[in-house]
Amino acid sequence: MSHTAIMLIAALGLLIGLRLLVRDKARATRAFLALWLLVSIANLLYGVLGAGYGWGEEAVVWLFVFGLPAAVALIAARVGR
């Protein structure tokens, strides 16, 4: 399984966990976005500094790794009202 797929599964797990644990769904969404931003930036930095990928390559992957779960979170918040 690719690292990107693992990151996406982890994001969805975090989102589901926060949505189940936090009563205020808007607060759960904001917490998820903040936490996932930190995790995805750490992943980006590891890819560039540790794994040796270029900034351009990793930026595209970061947009996918952060953007897709963030979009799912925002859609879930909107639908779940």
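Cut-off values and rules
Residues numbered from 1 in each chain as written. Predicted model: local features only at pLDDT ≥ 70, side-chain atom pairs only at ≥ 80, totals over all residues. Heavy atoms only, no water. 1 Å grid on protein atoms, 1.4 Å probe; cavity = no way out; pocket = protein on both sides within 12 Å on 5 of 7 lines; lining within 4 Å. Points joined across faces, edges and corners; volume = space filled by probe spheres on them. Helix = DSSP H or I, 4+ residues; strand = E, 2+ residues; numbered from the N terminus. Nonpolar A, V, L, I, M, F, W, Y, C, P; charged D, E, K, R; others polar. Buried < 20%, exposed > 50% of the residue type's maximum accessible area, 1.4 Å probe, protein only. Polar contact = N/O pair within 3.5 Å; in protein donor to acceptor, adjacent residues only side chain to side chain. Contact = heavy atoms within 4.5 Å. Axes fitted to C-alpha atoms, helices over the stretch in contact; angles between N-to-C directions. Parallel < 35°, antiparallel > 145°, perpendicular 65-115°, else oblique. Left-handed = near helix turned anticlockwise from the far one by under 90°.

Once that is clear, we can look at the layout of surface pockets. One number sums up the size of the largest pocket: a volume of about 170 Å³. Together, S2, H3, T4, N43, Y46, G47, A51, Y53, E58, V61 and V65 line the largest pocket. When contributions to the lining of the largest pocket are tallied by element, the ones reaching two or more residues are α1 (3-21), α2 (25-50) and α3 (55-79). Residue composition of the lining of the largest pocket, by class: five nonpolar, five polar and one charged.

Its location among the elements puts A71 in helix α3. Among the residues examined, A71 registers a relative accessible area of 34% and is labelled partly exposed. As for A71 and V48, which are separated by 23 residues in sequence, their C-alpha atoms are 24 Å apart.

Our next topic: the side chain of T29. Looking at the secondary structure, you find T29 in helix α2. Its relative accessible area of 5% is what places T29 among the buried residues. Polar side-chain contacts of T29 include one of 3.0 Å to the backbone oxygen of K25. Once you skip the residues sitting within four places of it in the chain, T29 turns out to touch R19, A73, L74 and A77.

Relative orientation of the contacting elements α1 and α3 amounts to 25 degrees, with a least axis distance of 10 Å. It follows that α1 is roughly parallel to α3 by the angle criterion. Read as a crossing pair, α1 and α3 show a hand that is right-handed. For the pair α1 and α3, the contacting residues are T4, M7, L8, A11, L12, L15 and R19 in the first and V61, F64, V65, L68, P69, V72, A73, A76 and A77 in the second. Broken down by class, the residue content of the contact of α1 with α3 amounts to 14 nonpolar, one polar and one charged.

The contact between α1 and α2 brings their axes to 9 Å, and the two run at 155 degrees. It follows from the interaxial angle that α1 and α2 lie roughly antiparallel. Here α1 runs over α2; the crossing is right-handed. On the side of α1, the interface is formed by H3, M7, A10, A11, L14, L15, L18 and R19, while α2 contributes K25, A28, T29, A31, F32, L35, W36, V39 and N43. For the contact of α1 with α2, the per-class residue count stands at twelve nonpolar, three polar and two charged.

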